[in-house]
Structure formats: structure tokens, C-alpha cells
Amino acid sequence: MTSVAPTPPSVTARVPAKVNLELLVGAPRSDGYHPLSTVFHAVRLYDEVTVTRAQEWGVSVTGSQSLGVPLDESNLALRAARRLAELGGVEDAVHISIHKDIPVAGGMAGGSADAAATLVACDALWGLALPRTQLDQAASELGSDVPFLLAGGTSMGSGRGEILAPVLARGTYHWVFALSEGGLSTPDVYAECDRLRAGRRIPDPTPSPEMMQALRSGDPRALGPALTNDLQAAAISLMPALGDVLDAGLEFGALGGVVSGSGPTVAFLAEDHESALDLAVSLTASGAVQDVRRATGPAHGAQVLGASRTA
Ligand code: C5P
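On a predicted model such as this, the values are computed, not experimentally measured, just so you know.

Q: Looking at this structure, I do not really get helix 5 (residues 186–196). What am I missing?
A: An α-helix turns once per 3.6 residues; consequently, residues spaced three or four apart project the same way. Of all the residues in helix 5, the buried ones are Val-189, Tyr-190, Glu-192 and Cys-193. Buried residues along helix 5 cover an arc of 160° about the axis, so they all sit on one side. Exposed side chains of helix 5 directed beyond 90 degrees from the buried face belong to Pro-187 and Arg-195. Elements in contact with the buried residues of helix 5: strand 1 (10–25), strand 2 (36–54) and helix 8 (232–238).

Below you can see the structure in the form of C-alpha cells.
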């Protein structure tokens, strides 16, 4: 008589991408990180991460943006799972399957998003129910953007980005993201920013009244001109074609455009659903971009979708 092996239990979590609506960067600290004042905004462009009990630790990637994701121990999702096992006293291994729609090395925190999803998925798989403060602590050790990807919504970030505070933000926003061929390395973009600003006095970053006012109003026409990123000049310096992408989006009617995080993805704000569709079509037809995605924001942070617990 043959016996059917039990299906290994698995948990899937979904996690959004982020764009920084405002990213103000101070002079480097003694630890090399830059003090930030940022407004994080989660958008409905998702990765899905499934964790499954396994004999060995491992990670695999599928989806439209799977190229270029490391599959070794440097993978941030794998590091997140191992860290959570340590915290929870778990000895079992998991296999992590990532379905990727968030661009890799695109400035939308794709790697950090997968780490955040892995934390909540493993927490559920292992039945740990760790306190939120402990998950947040683990998240901030993994990377500056990971705590925000757990939280989602629209939030102020300070410190190196890991200290979150609520912000009064109204409305739903329609975004068009212009993807470029090849990624940009975050440390390289920060280094280029320092190089471009060498010799200048850099003020401590503080939130701008224009951005706070725009978020309170919920009006995309106010938010468009308030979009700001101190890393934008550095990203364009390393990838000059981004300047043309920004020009093209604004010419095609975007209310505002900004390089997302350390780039090279460029985020364009549209008036409404129809305008976003038109903008996406025009950008695609222009040939100035490699690919285009549309998404609304804000979005929830990393969330468990469903658990199968066949014993
Ligand atoms: O925190 P995370 O690992 O995501 O940061 C990646 C790199 O980005 C850091 O090693 C650092 O070079 C740069 N960074 C920075 N200042 C920040 C956040 C990131 O210089 N606030």
C-alpha cells in the first residue's frame, strides 16, 4: 500500500511596493548612513511570498520581475526567515517562494518588501504571534525600509528611514511607474549624492510644509508639484536617460514626477484612473521607458493571505 506524503504546511503573504513622496537626505552620519526625512507611501503593486516547511533553507523566484534576485544567503527574505527562527527559537527550515512584480533594484523597496512579507508569513507558519514591537525591531535590523513595508499606508520616516510616525494623509492617488532597464545600487546613489553635494552645507532634513499641506488636502494637484527627492540628481547623474523619462511623463500630462527612492524607477502622479491609463499608453508608445506599471496608493503593509495547514 502506498501512502501519500502530507502536503507541507505553507503560508502566503502579500506585500506592496513603496514610493517616497518626499525624500530629504542629510549629511552622512558616522556609521555611513544618511539621516532622512521622508514620506513613505505604499502602492498596490505587490510581491507574494510563500513560506513552506522544508528540509533545507532555500529561496526561489518567479514572476515578471524575477531576473536579478539573489538566491543565496544574501537574499534579504532568507535573512528575515533565519532571523525570525532565531527570535522564536524555531529549528525548522523553510523554503521561500517569491512571486515578484516589484522591480528589482528599482527604488521601490522590492527586497525590503519581500523581507517584510517573510517576517509575517513565518510568524504565522510557526505560530509565534510575536509582539509587533519585536517584528518591527527585526525589520529595522534587516534594512531601513523594512519597518515601513510591515506598516504600509502613508507614513513619515526619520532616522535612517526606520523610525516611523503617522502623517495625516487623505485620498487615493493614481500612479504610473516608468521602469528602466537595469537597476541602480542604493549605496552607489547615496555616494553620488554626497559627491555632487561635496563642500556644501547640508541642513538637517525636516518635513516640508508644502508636502504636509498637500497630504492633508488629499488633492493630487497639490501633491504633484510637492513631490521631492534629494537622491534624484544623483540617480540622473548615474543614469542620464532618467532626465528624459521625467521630461516625457510631464509632457504627457503627469501632475508631477519623481525618481522613486534611489531609482531608477520614475513615479508619475496622474489626476485619476483615466489620466493614468492615458499616461501609461503615451509613455509606452514613446519608447522612452522599458516598461510601465500602474498602481494606486495607499496600500496595506505586508499581510498574510491564507494558510494551508494540512498535517
Ligand atoms: O538599510 P539598507 O540596508 O536598506 O540600506 C542600504 C544602503 O543604502 C546602506 O548600506 C547605505 O549605503 C545606504 N543608505 C544610507 N542612508 C540611509 C539608508 C540607506 O546611506 N538612510
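Let's pick the thread back up.
Q: Sorry if this is basic, but what is going on with the side chain of Ser-140 here?
A: In this structure, Ser-140 sits in helix 3 (residues 132–142). A polar atom in the side chain of Ser-140 sits 3.1 Å from the backbone oxygen of Gln-137. Excluding residues within four positions of it along the chain, Ser-140 makes contact with Pro-147, Arg-160 and Glu-162.

Q: In this structure, what is going on with the packing of helix 1 (residues 76–88) against helix 3? I would like to understand it.
A: Running from N to C, helix 1 and helix 3 cross one another at 140°; their axes reach a closest spacing of 10 Å. Taken together, the axes of helix 1 and helix 3 are oblique relative to one another. For the crossing formed where helix 1 meets helix 3, the hand is right-handed. Residues Leu-76, Arg-79, Ala-80, Arg-83, Leu-84 and Leu-87 of helix 1 touch helix 3, and the partners they reach there are Gln-134, Leu-135, Ala-138, Glu-141 and Leu-142.

Q: Teacher, can you tell me more about the site of the ligand here?
A: Gly-32, Tyr-33, His-34, Leu-36, Gly-143, Ser-144, Arg-160, Thr-186, Pro-187 and Tyr-190 make up every residue found near the ligand. Residue His-34 places a side-chain N or O atom 2.7 Å away from an oxygen atom belonging to the ligand. In this structure, Arg-160 approaches the ligand through a main-chain N or O atom, which is 3.0 Å from a nitrogen atom. Isolated, the ligand exposes 450 Å² of accessible area, and the fraction of that covered by the protein chains is 75%. Comparing atom positions with the cavity grids shows the ligand to sit within the largest pocket.

Q: How do you make sense of the pairing of strand 4 (residues 93–99) when you look at a structure like this?
A: Bridge count for strand 2 against strand 4 is seven bridges, and the pairing is antiparallel. The residue of strand 4 that forms the bridge with Arg-53 is Val-94. In this structure, strand 3 (residues 58–62) lies alongside strand 4, joined through five bridges in parallel fashion. Each residue of the ladder has a partner; that of Val-61, found in strand 4, is Ile-98. In terms of handedness, the path from strand 3 via helix 1 over to strand 4 forms a crossover that is left-handed.

Q: I tried to follow the pattern of salt bridges on my own but got confused; where do I start?
A: Oppositely charged side chains can form a pair if their charged atoms are brought close together. A complete count under the given rule lists 13 salt bridges for this structure. When the shortest N-O distance is used, the salt bridge between Arg-82 and Glu-73 registers 3.0 Å. The exposure class assigned to Glu-73 is partly exposed, which follows from its relative accessible area of 43%. Across the pair Arg-83 and Glu-141 runs a salt bridge whose closest N-O atoms are separated by 3.0 Å. Of this pair, Arg-83 sits in helix 1 while Glu-141 is found in helix 3, placing the two residues 58 residues apart along the sequence. A single salt-bridge network, built from bridges that share partners, covers Asp-47, Lys-100 and Asp-114.

The rules behind each value
Residues numbered from 1 in each chain as written. Predicted model: local features only at pLDDT ≥ 70, side-chain atom pairs only at ≥ 80, totals over all residues. Heavy atoms only, no water. Buried < 20%, exposed > 50% of the residue type's maximum accessible area, 1.4 Å probe, protein only. Helix = DSSP H or I, 4+ residues; strand = E, 2+ residues; numbered from the N terminus. Arc of directions from axis to C-beta. Contact = heavy atoms within 4.5 Å. Polar contact = N/O pair within 3.5 Å; in protein donor to acceptor, adjacent residues only side chain to side chain. Axes fitted to C-alpha atoms, helices over the stretch in contact; angles between N-to-C directions. Parallel < 35°, antiparallel > 145°, perpendicular 65-115°, else oblique. Left-handed = near helix turned anticlockwise from the far one by under 90°. Near = heavy atom within 4 Å. Areas by Shrake-Rupley, 256 points an atom, 1.4 Å probe, with all protein chains shown as cover. 1 Å grid on protein atoms, 1.4 Å probe; cavity = no way out; pocket = protein on both sides within 12 Å on 5 of 7 lines; lining within 4 Å. Sits in = over half its atoms within 2 Å of the grid points. Pairing = 2+ DSSP bridges. Right-handed = clockwise from strand over helix to strand, strands pointing away. Salt bridge = Lys/Arg side-chain N within 4 Å of Asp/Glu carboxyl O.

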